[in-house]
Structures are given as structure tokens and as C-alpha cells.
There are 2 protein chains.
Amino acid sequence: MNLTGKALIAQGGGPTAVINQSLVGAVLEARKYNQITKVYGAIKGIEGILDEDFIDLSQETFYNLERVAKTPSSALLSTRIKPNEKNCKEIVEIFKKHNIRYFFYIGGNDSSDTISIINDYAKEHEYELKAIHIPKTIDNDLVHNDHTPGFASAASFVAQTFLGVNLDMRALGGVYIGIIMGRHAGFLTAAASIAMKYPDDGPHLIYIPERGFSVTKFLKDVEDVYNKYGRCVIAVSEGIQDSNGTPIVTKLMKKIEKDAHGNVQLSGNGALGDMLADLIKQKLNISRVRADTLGYLQRSFAGCVSIVDQQEAREVGERAVQFAICNEEGGSVTIERVGDYSVDYVLKPLHMIAGLTKHMPDEYINEAGNHVTESFKYYIRPLLGFDFPEIHLLRAPKVNGVLVDQI
Amino acid sequence: MNLTGKALIAQGGGPTAVINQSLVGAVLEARKYNQITKVYGAIKGIEGILDEDFIDLSQETFYNLERVAKTPSSALLSTRIKPNEKNCKEIVEIFKKHNIRYFFYIGGNDSSDTISIINDYAKEHEYELKAIHIPKTIDNDLVHNDHTPGFASAASFVAQTFLGVNLDMRALGGVYIGIIMGRHAGFLTAAASIAMKYPDDGPHLIYIPERGFSVTKFLKDVEDVYNKYGRCVIAVSEGIQDSNGTPIVTKLMKKIEKDAHGNVQLSGNGALGDMLADLIKQKLNISRVRADTLGYLQRSFAGCVSIVDQQEAREVGERAVQFAICNEEGGSVTIERVGDYSVDYVLKPLHMIAGLTKHMPDEYINEAGNHVTESFKYYIRPLLGFDFPEIHLLRAPKVNGVLVDQI
């Protein structure tokens, strides 16, 4: 194992609250090995590589790295660029020029695709390179992963949002709709279910992309809950689709915005929530209907980080370097659940992960397709850590209205 | 001081993260005095009084009260009802029937108005009553208060939102608009300024209701910041008005929703943010423009509570009971800043507070009317507590692109 050269680390795609834990885990581990002569960071992912915009992370203090690890959002900045054939050629030329032999890319599905393309190109052109994909995504949609770093912190934010909103709607009544990220996977939306403590707590309804969304069924569901409780709290995924697989949000937008990976912009406006709220106001004649789109708050909120997520994000970064040093081949670091609760990290071939999307399995979705099962709650609970806030209601006895005890 | 009878506590208006601290402060303090024979809670504020829907808080464990204190949103539930003459008569009849002699109402401007109306009616009809208003509002708009319980926790949520979003926009670029609560006062929106650490950090622009909002000036401001930094993070109050004092949001909505106090619904949809985002896309030709409406998340988020806020909310509840026992007259408990940082509580006549709105003073607003001054930051910083999260950027040196150090 004597492949000697520099290591290059970059971050791609949307940020998470713990993505810098993975960065720092990889940097600190990489600085331990003689084979790795220097540790570079590329600014803005693939863009920074193409521009040779590197910083020398061998010259960053341990103290500052530890502080950056606790800072949300990509410290090396990010991109949504997808490299084409010409870019790959340029990238390998730049790697050669700097003798970069270890390449770590922290990202989600699209970033795993990117690293896979670069890895294939390097192999084809006989440039010896260890390319490792370090997973992150709040969407939790990487295949062959029990869950992904970044998901648990975003899930904790979503669950805490619904914890508060539940109580708010309990106090003032009405219908509340929260629109949640997650693209085509329902995991993050389903995390709202952790807010349920008392039997009448919301979210009373949960709509995810894994089940076709029907306006008629939605209105019937809301009406039933509202008639029962005098309020209705609803978690809706930004990615809900009609029975033909067309995202509901695309039907609402004048101009569809797409990134280089062909992803439609689902977040960043209130259209979906407002449409659903208007529908309820009009069809069900309920006056107090509120919709919030959780938007960019949920993916890099400094004060809402799962300790478990933090630790695992650190470990995937560390393990990525260990795999690069100890394995012949590159690959993608994946998380396997090996105990209740414990995880282990396994290196999988890049093509097994790249560009694929994991969806919520059927066992986590209720029969009516408008909520989760207990099995999902059992799956997600340990990821949120032991310090998830608890709420408590008053339970003092009711006073008899009739005057019996006047003093 | 021998007015003997029951105490009744209720909560009105929008919830906060610490409103139950005030409730529990008042309940525990009230349970200490022989003059107070029992402590009742009214369910849903004024509605619960009119319906005689009371619970006996003398029969609630200390342990559960302490847990409820840490739970956000009104544990006694809430209302936006404003009592009319007929209601006042009924309320005083019910007070008589139950021998309720101490009345504590936790709420904002509208609730202080409510308690003032009831107090005046009782006095007029010679029913001896100690009516005390306990302040709360995330809007921070109660006159004669340095700040109000609930504000600091919401401010911390807003500041943490911008802490994360700043980093997110630094990583991926573009324009971000966050729409913040606060009605006609800019304090909560201005709290976003605490997210600024590095010189190029946002929010780069802050728009509050205290300054007339001009679309032309707004677009010019955004363009200037975007040209300078390649990104622009903007905090906008839900209550921004044009130069005639017409809220911008009311111009956008088909149907204006008002509560019993005549307040227009400003939150609960994404209209204002989406309108401003579309404006920037169209007029400035910037493609990545995102808008989030912080909505109901900001007022009862369990995991984002200022310790200072928690303690002060508890104290105003305690002091309310002490004032009721030791003073001849009822009134409104206010917070005065007496040190840096220390506060004291002063009982003010109800008519000095009731129904009035405090605005951001000029000294907190910059000359251009699109940001805050250092003076505002100095004012708000101690309210957020010592555990407000810190962020850190990498500061490793840039690598020379030219091949000088290949190994």
C-alpha cells in the first residue's frame, strides 16, 4: 500500500448541519499518514477542482478544525455542477499536476455520481487514484445506507417544529400544514411523527412522495381529523406526486428551475403550502388555516444538531481515509445498523450507490398512505439522540361550574 | 391587605416558548399565600372564563408544573376573543360566584387591553378585584418594557436561522429572503443581525415596519449587495408597509383575515416572500432566489429557548402575585433594565400599557433604513443568553495553482 501523494477533499450538493464533521474527520485522519503528503480542500466542489482553487488543510489548526466541525453548512463551499467528459479529463490532468492520489467527496446521490464518473475516467486512463465518496444528505435517500449523516439533525429540526406547532394549534385551533424537504423520499417528512406524544397530538396526517397524492382523499382526511379534534396538523413532503408521478409543486410553478443533475427546484417558495391551505379554506370552509414551508431552515440550523448524527458524520469521514489507505479500491462509505442502537461502516463499490434513490420502505407507511407506522418511529428514534426535548401538558382536575365551594 | 378569595390565571394571544414559565411562576407563588384560597386556571383565556371552564391548579403537582414550565406554547390554551360590555358583566358575575379576587392574565397588547376593560368594569361596579397583566409577546412591542418575555427565545430562533442560512448561501450563492413575525414592530426581524460574525456575513439587508418600504430602493439595495458579494441574505418583517402605512402583505392577499382585536393576519402563508423573490428574479435577473417564511416555527420551538428569557418569564409570573398581594391596585408587570445586564420588575397602571404598540427607536435603525445599528446589537445580545451558538470558517492558506511543490 504505497500509493503516495496528496489528498483532496471537497463538498458537493446541499449543506447539512454536520457535513463539516465529516470534513474534519477526514482531514485529521489524513494528516496521520505518511503516504498522504498534504491535505488539500477544493473550494466549491468540482468547480474548485477545475479552477485549481485549493486551500492547504495541512496548515489549519486542530483547534479551528474542531470549531469548524461544529459549524453547520459546507465549510469548503459547494456546487451542483456535474462534470462532463471534458471536465473529467481536466480534473485528472489537475490531479496529475498536483500528484493528488486520494480524492474524498462529501455529498449525496448526485455527488456519488460525480465521484463515480471521475473514478471511471481515471481508471480508464490509468491514473492511479483512490476515490472515496463520503455520504451526506438530509433526504436520507442513499441506497445501501441504514441512514445518512445530516438526516438525523434535519429530522430533529422537523420533529421539534411539529412539537411546537402541535402545541400552538392545540392552544388556538385550526389547520396547520408544514412543507418539508426530502425530494423524492419521505423520510424527513415522516420524522414529524416523533412530535406525537399524547393520543391527540399531531401530525395527524403525513403525506410522502412514496404514495400518490389525491386532492379528494386529502380533503376527506383533513375533514375527518378536524371534526374529531377541532384542529389538524399536517406534514407534507415537498416531493408529493400525483398518481402519474408528476410532482404537485411543478403543476403550480410558472417557470420550472432545474440544476445540472436535472433536479427540479422543490424548495424556496411557499407555493405548495399556500395552494393546499387555500384548498382547505375553500372546500372545507375552515377559516384558520396556516401553512409554513420549512425551507432552508431545516438543513443548517446551528442549534438543532443530533449528537448521534454529529458522531457518525465524524466517523464516516475518518473511516473514508482508513478505507482509502487500507483498501485496493475506492468506493462509497455506507452506514449499517448492527445493534439497537449501534452502527458499522462498510465500503461499497461506487456504482452501487451512484445516482440511485432510496425510498421509504412499505413497512414504514400506514395502509391508508397518510401516516407512518410504529416501525418507522422505532427506526428513527435512536438517531435523534437522548436530548430530544420533551413536552408536558397540565393534568389538574376540572372545576365544577356549579357553586359548591365558595369561600 | 386582607382581600381573601381565589386566584384565576389565564393566557391570551399567540403562544411563546416561555409563556408557561410565567404561568408556573404565578401558580407556585399564589399557592404560598393564605389570602389565596385556591388557584384556578381558565381554559382558552376569556372564552374559558365565560364558559366557567376552569381547572384547579391547586391540585397540580410541583413536579408536573416544573415540566410544563419548560414546555412551549400556552398550557392553558389561548384565544383572540376581546370581551364586550356584556362579556364583562358575565365575567364579573362569574368572579363573584367563585369568589375570584385575584385575576392574572398572561398576554400581549391585546390581552393587556382585555384585562384593563375587565378591571375598569369591576371597579365601576364595586367588585373588589386585583387584576394583573403578566407580559408576554415575541413581538417585543409592549410600551414601558425594556423587552418582553418570549421575545428573546423567538429572537434566538430568528438569529440561529440566519446563522445557518448565511452559511448555506455562502456555500451555494444566490439571494435569500426570510420573512419574520413581529407585526408592526421590527425588533424580531432586527434580531437576525446577531447572525453577523464575519464582515461579509448576512443579513446584508434588514427591512422593518418602522421605515417605509419602497420596491425601487429594495431592488437597488439587493443589486448592490449581490454585485459586491455574489450573494445577498435579507431579513424582512411581515409588517413592512408602504409610505402610506399600508402593509405590503395586504396588497397581495385576496381575502384579508382579521381577529377580534382588528389585527390583520400577516403570517401563515408565503405570499410576501414569494412576491419579493419573484420581483428580484424578474427585475435583477438573478436565478437562485429563495424565500422562506419563518411562520409558526419561531414562536414555540422547543429546542431554541433563551435561558435569560426563561428566567425572566418565570420572575414576571412570581412578581405578578407578589404585586397583587402587596399593592392596593392592579396593574401591568413591566421589565426595566437596571444594569448591564440586570433587570427589575415594576408594576405600571394598566391604562399605560393596554392596547399600545412600542416601535423600534430611531437609534436602533441605520440611516439608510435598511439595517440596524451597533446600538441595537448591544441592546439585544444579553437577552439571548451565553449559549448562543458560534460559527467558525476555515482559514487555511490558499494553494498556489502553479506546480511548485509536487512530491
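Everything discussed here concerns the structure shown above.
Residues numbered from 1 in each chain as written. Chains lettered and ligands numbered in written order. Predicted model: local features only at pLDDT ≥ 70, side-chain atom pairs only at ≥ 80, totals over all residues. Heavy atoms only, no water.

Turning our attention to the relation of the copies chain B and chain A. When chain B is fitted to chain A, the best match, at an RMSD of 0.0 Å, comes from turning it 180° and sliding it 0.0 Å along the axis. What we have between these two chains is a two-fold relation. Judged by C-alpha distance, Gly270 of chain B is the residue of chain B that lies nearest the rotation axis, at 2.2 Å. Same-surface contact between copies: 100% of interface residues of chain B are shared with the interface of chain A. (Least-squares fit on C-alpha atoms with pLDDT ≥ 70 in both. Contact = heavy atoms within 4.5 Å.)

Packed helices, taken two at a time, are described by the angle their axes make and the gap between the axes. Residues and elements named next belong to chain A. One can describe the packing of helix 1 (residues 19-30) onto helix 3 (residues 62-69) by two numbers: an axis separation of 8 Å at closest approach and a directional angle of 155°. As judged from the angle between their axes, helix 1 and helix 3 are roughly antiparallel. Residues Asn20, Gln21, Val24, Val27 and Leu28 of helix 1 touch helix 3, and the partners they reach there are Phe62, Leu65, Glu66, Val68 and Ala69. Its residues placed into classes, the contact of helix 1 with helix 3 shows 7 nonpolar, 2 polar and 1 charged. (Axes fitted to C-alpha atoms, helices over the stretch in contact; angles between N-to-C directions. Helix = DSSP H or I, 4+ residues; strand = E, 2+ residues; numbered from the N terminus. Parallel < 35°, antiparallel > 145°, perpendicular 65-115°, else oblique. Nonpolar A, V, L, I, M, F, W, Y, C, P; charged D, E, K, R; others polar.)

This brings us to unusual backbone geometry. All names here are of chain B. Residue Pro203 follows Gly202 across a cis peptide bond; omega there is 0°. Cis geometry marks the peptide bond from Asp340 to Tyr341; its omega dihedral reads 15°. If you trace the backbone, Tyr341 turns up in the loop between strand 10 (331-339) and strand 11 (342-348). You will see that Glu126, though not glycine, has its phi angle at about 50°, which is positive. Positionally, Glu126 belongs in the loop between helix 5 (109-124) and strand 5 (130-135). In this structure, Asn140 takes a positive phi of about 60° despite not being glycine. For Asn140, the position within the fold is in the loop between strand 5 and helix 6 (151-172).

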